[in-house]
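Understanding the architecture of this molecule
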Amino acid sequence: MQVVAVDIGGTHARFALAEVDAGAVVSLGEAVTLKTAEHPSFQLAWQEFERLSGGNLPRAAAIAVAGPVGGDIIRFTNNPWIIRPALIPEKLGAVDYVVVNDFAAVAHAVAQAKDEHLLHLTGPEEPLPEVGTISVVGPGTGLGVAMLWRNGGSYHVQPTEGGHIDYAPLDAIEDAILARLRKRHRRVSVERVVAGPGIVDIYETLAVIEGKPFTPQDDKALWTLGASGEDSLAAAAVDRFCLSLGSVAGDLVLAHGSSALVMAGGLGYRIRDTLVRSGFADRFRAKGRFEQMMAGIPVKLITHPQPGLFGAAAAFAHAHAN
C-alpha cells in the first residue's frame with residue numbers, strides 16, 4: 001500500500017511517497033522539502049507536492065507534526081498553518097490517515113530502523129532488545145522524549161513531556177548554570193540546558209567563571225565554533241553540554257525502566273563524535289548504586305536521513321497493521 005508521508009515543522013514541510021505492508025515500511029521515496037512560508041496552507045503545500053509528483057497521490061496520509069496532537073484543530077507555533085484532522089479526507093482526498101507528534105514519529109522510526117541506521121555510542125555493542133522498554137531522547141530546538149515498548153513482534157510508542165522535568169546539577173559549574181537560568185525562569189527544566197539553545201547559557205556561564213569577556217552569540221554560531229574548535233570556550237561549552245546530556249539521559253532510562261537508549265535528532269547526529277569522546281558515557285553511568293546496571297545498557301544513535309518521514313510512515317503502517 002502506498003501512503004504520502006509528511007513531516008511538518010515550523011520552517012519546512014517534507015513530503016515523500018512510502019510503501020507499507022504488514023505493519024512495516026517497505027520503502028521510502030526521495031523527500032521533497034517545501035518552505036512553509038511559501039504556501040499559505042497545508043492543503044496548498046500538499047497540492048504542490050502532488051504537482052511535483054505528477055498527480056494522483058495515494059489516498060492515504062501519514063502526517064507528523066511539531067506539536068501536540070489529538071484535538072480538533074492542530075496549530076503550529078512558527079507557521080500559520082492549521083490542520084483539522086476530521087477534514088483530511090475532504091481536503092486532501094486521503095481516506096486513511098494518521099496524525100502523530102513529530103517525536104512520536106521518531107520513536108516509530110527507531111522501532112522499525114535497520115541495524116545500519118543505528119550507530120553505537122556507548123555500553124554493550126549489541127542490537128536493541130526485542131523485549132522491554134527503550135528510551136528515545138532527541139536534543140534539538142527542544143528536548144524530545146518518548147518511550148518505545150517492545151514485546152517480541154509488536155511494539156507501542158508512548159510520547160512524553162520528559163524534556164520538562166527539573167534540571168538537577170551535579171557540580172559547581174552546573175550550579176552556576178542553574179543560577180544563571182533561575183534569573184529568567186522560576187522553574188528550570190532539562191530542556192533549558194540540554195536542547196540546542198542551551199549552549200548559549202552554558203557558554204556565557206563558563207565565560208563568567210573564567211572572567212573572560214564575551215560577545216553574545218546565538219546558539220547556531222556557538223555550535224559551529226565549538227565543533228570546529230575555533231573558540232576554546234565554545235568547545236568547552238559543547239563538552240559541558242555532553243556531560244549534562246549524559247546525566248539527563250541516564251535519569252530518563254532509570255525513570256522509564258529502560259533496557260536501552262536511542263539518541264535522535266539532527267543535533268545528536270552532528271555532535272556524535274564529540275559525544276563518544278566526551279564524558280557523556282561516564283555521566284550516563286554515574287547513578288550511584290545502579291552504576292553497574294547502567295554500564296550494561298546499550299546506547300545508540302539513529303542515523304536515518306529522514307527519521308520524521310520514515311517514522312510517520314511507520315506510524316501509519318503500525319496503526320493499519322490489521
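Coordinates for the structure precede this section.
What counts, and where the lines are drawn
Residues numbered from 1 in each chain as written. Predicted model: local features only at pLDDT ≥ 70, side-chain atom pairs only at ≥ 80, totals over all residues. Heavy atoms only, no water. Patch = residues over 30% accessible without salt bridge, like charges linked within 9 Å, V, L, I, M, F, W, Y side chains within 5 Å. Areas by Shrake-Rupley, 256 points an atom, 1.4 Å probe, with all protein chains shown as cover. Salt bridge = Lys/Arg side-chain N within 4 Å of Asp/Glu carboxyl O. Helix = DSSP H or I, 4+ residues; strand = E, 2+ residues; numbered from the N terminus. Buried < 20%, exposed > 50% of the residue type's maximum accessible area, 1.4 Å probe, protein only. Arc of directions from axis to C-beta. Polar contact = N/O pair within 3.5 Å; in protein donor to acceptor, adjacent residues only side chain to side chain. Core = buried A, V, L, I, M, F, W, Y, C linked by side-chain atoms within 4.5 Å. Contact = heavy atoms within 4.5 Å. Phe/Tyr/Trp six-rings, centres within 6.5 Å; stacked < 30°, edge-to-face > 60°. Lys NZ or Arg CZ within 6 Å of the ring centre and 35° of its normal.

The next subject is a nonpolar patch on the surface. On the surface, Leu254, Phe290 and Met293 cluster together to form a nonpolar patch covering roughly 260 Å² of accessible area. By the secondary structure assignment, Phe290 is in the loop between α11 (280-285) and α12 (291-295). A residue is classified by how much of its surface remains accessible, and Phe290, at 42% relative accessible area, is partly exposed.

Turning next to helix α4 (residues 172-182). For α4, the complete set of buried residues consists of Glu174, Ile177, Leu178 and Leu181. Along α4, the residues classed as buried sweep out an arc of 95 degrees about the axis, all on the same side. With a side-chain oxygen lying 3.2 Å from the backbone nitrogen of Ile173, the N-terminal cap of α4 falls on Asp171.

The subject of this paragraph is the nonpolar core. In this structure, Val194, Ile199, Phe241, Leu261, Met263, Phe280 and Phe284 are the most contacted members of the largest nonpolar core, which totals 43 residues. Among the elements that take part in this core, helix α8 (residues 232-256) stands out by supplying 11 residues, more than any other. Each residue touching Phe280, except ones within four places of it in the same chain, is listed here: Thr122, Cys242, Leu245, Gly246, Ala249, Leu261, Met263, Leu275 and Val299.

Our focus in this paragraph is the packing of aromatic side chains. Counted under the stated rule, the structure contains 6 aromatic pairs. Consider the rings of Phe42 and Trp81, whose centres lie 5.8 Å apart with planes at 35 degrees: the pair is tilted. Highlighted residues: Phe42 in helix α1 (residues 42-52) and Trp81 in the loop between β6 (74-75) and β7 (82-83), separated in sequence by 39 residues. Pairing Phe280 with Phe284 gives two aromatic rings, centres 6.3 Å apart and planes at 15 degrees, and the pair type is stacked. Residue Phe280 and its partner Phe284 are located together in helix α11, separated by 4 residues, close to a single helical turn. Among the aromatic residues, ring-to-ring pairing joins Phe15, Phe42, Trp46, Phe49 and Trp81 into one connected group. The ring of Tyr269 carries the charged tip of Arg272 above its face, separated from the ring centre by 3.9 Å.

Turning our eyes to something else, we now look at unusual backbone geometry. Even without being glycine, Ala22 reaches a positive phi, approximately 55 degrees. Positionally, Ala22 belongs in the loop between β2 (12-21) and β3 (24-28). The exposure class of Ala22 is exposed, given its relative accessible area of 70%. Although it is not a glycine, Asn56 sits at a positive phi angle of roughly 55 degrees. Note that Asn56 resides in the loop between α1 and β5 (60-65).

Considering the arrangement of structural elements, one finds Leu222 in helix α7 (residues 219-228). With relative accessibility at 1%, the residue Leu222 sits in the buried group. Look past the residues within four positions of Leu222 in its chain and what remains in contact with it is Ile199, Val200, Tyr203, Gln217 and Ala234.

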